[in-house]
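Inside the fold
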Amino acid sequence: MEMEMEMATPYEPKKNSEIRIFESTDDMATDLAEYISQVSEISVKERGYFAIALSGGYLVNLMRKLCEAPYSKTLDWSKWYVFWADERAVAKTHVESNYKLTKEGFLSKVPILNGHVYSINDNATVEDAATDYEFVIRQLVKIRTIGVSESNDCPKFDLILLGIGSDGHVASLFPKHPALELKDDWVTYITDSPEPPPERITFTLPVINSASNIAIVATGEDKAKALHFAITDSCEGPDALLIPARMVQPTDGKLVWFLDEAAASSLMAKSNDFGHQGF
């Protein structure tokens, strides 16, 4: 069963967002598959392509229902172009590789063309890998395989799927990190990730916020505090405003939060104060 919660917030950027809360991860996976399927179909119909950027972690497992009927048969997989919003600077065969995780859990089970899967160069230095990846994306924006934002020159991915860390990080953009400040770069690198491995490549905030659709997926009680700061107007403590997930505010697109009850526990407690409004 899914519960949808509308949260009234007094400031503008949140108007294009929606919160979906699920009683089980199975329900979440079902709804996430339908959501991705719909965005894919609309993108192919409107543009002739579907450019999706993924992260790693539990997100790949939650995409599992796309590998099953009806989606495995009905989606136009030949129009899918797959990218990564962040990657660890490790070999593609390494257990920490987002590519490896996605390949094993998703890509190997659906007929996406190998030539449409844009992994990050694992033979280059982390700096060169970020430069190379941005170059590849720029070439694809030129020919409109990836769309372009009308508000800025950023790529306009049809969908960027993100997880969130217990510290509120998204992609490999961590709290208080200088990478959060970048305006002109599309892809950057970090060498000091607070979580191992330390070297990572990541999309910048302007690229994430330029997407047509952004989904942030979270499970588990350890995410509740970060989600409370990211979604509500709470300014408790000096760090609330520094949560990277709070900075995800689509320019022209729509943001959907997919949360299980544990991750949403702080939000649900808040809504209980108002007599279950919006449920």
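Preceding block: the structure.
1. Concerning the nonpolar core
Core analysis: the biggest nonpolar cluster contains 92 residues, and I36, W80, F83, F106, F157 and F203 have the highest contact counts within it. Setting aside its immediate chain neighbours within four residues, F83 contacts A51, I52, A53, L54, Y118, Y133, I137, L140, I146 and F157.

2. Notes on the sheet that holds strand β9 (residues 187-190)
Within the open sheet, the three strands sit side by side as β5-β10-β9. Their pairing is antiparallel. The outermost strands of the open sheet, each flanked by one partner alone, are β5 (86-88) and β9. Across the sheet, the axes of successive neighbouring strands diverge by a mean angle of 15 degrees, strand direction being ignored. Of the strand pairs in this sheet, β5 and strand β10 (residues 200-203) are connected by three bridges, and their pairing is antiparallel. Bridge pairing links D86 to T202 in β10. In the packing of helix α5 (residues 126-142) onto the sheet, the strands contacted are β9 and β10, and the crossing angle to β9 comes to about 165 degrees.

3. Remarks on the packing of aromatic side chains
According to the stated counting rule, one finds 11 aromatic pairs in the structure shown. On the basis of an interplanar angle of 45 degrees and a centroid distance of 4.6 Å, the ring pair of W77 and W80 is categorised as tilted. In terms of burial, W77 and W80 fall into one category: buried. Considering the side-chain rings of F83 and Y118, the 5.0 Å spacing of their centres and the 5 degrees angle between planes classify their relative orientation as stacked. Residue F83 is located in strand β4 (residues 80-84), and its partner Y118 is located in the loop between α4 (98-105) and α5; the two are separated by 35 residues in the primary sequence.

4. Side note on the pairing of strand β11 (residues 213-218)
The buried count for β11 comes to six of six residues, which makes it a mostly enclosed element. Alternating positions in β11 separate into two faces, N213, A215 and V217 on one and I214, I216 and A218 on the other, with burial throughout. Where strand β8 (residues 159-163) meets β11, four bridges bridge the pair, whose relative direction is parallel. Bridge assignment links L162 to a residue of β11, and that residue is I216. Note: β11 against strand β12 (residues 254-260), six bridges, orientation parallel.

Parameters and conventions
Residues numbered from 1 in each chain as written. Predicted model: local features only at pLDDT ≥ 70, side-chain atom pairs only at ≥ 80, totals over all residues. Heavy atoms only, no water. Core = buried A, V, L, I, M, F, W, Y, C linked by side-chain atoms within 4.5 Å. Buried < 20%, exposed > 50% of the residue type's maximum accessible area, 1.4 Å probe, protein only. Contact = heavy atoms within 4.5 Å. Pairing = 2+ DSSP bridges. Helix = DSSP H or I, 4+ residues; strand = E, 2+ residues; numbered from the N terminus. Axes fitted to C-alpha atoms, helices over the stretch in contact; angles between N-to-C directions. Phe/Tyr/Trp six-rings, centres within 6.5 Å; stacked < 30°, edge-to-face > 60°.

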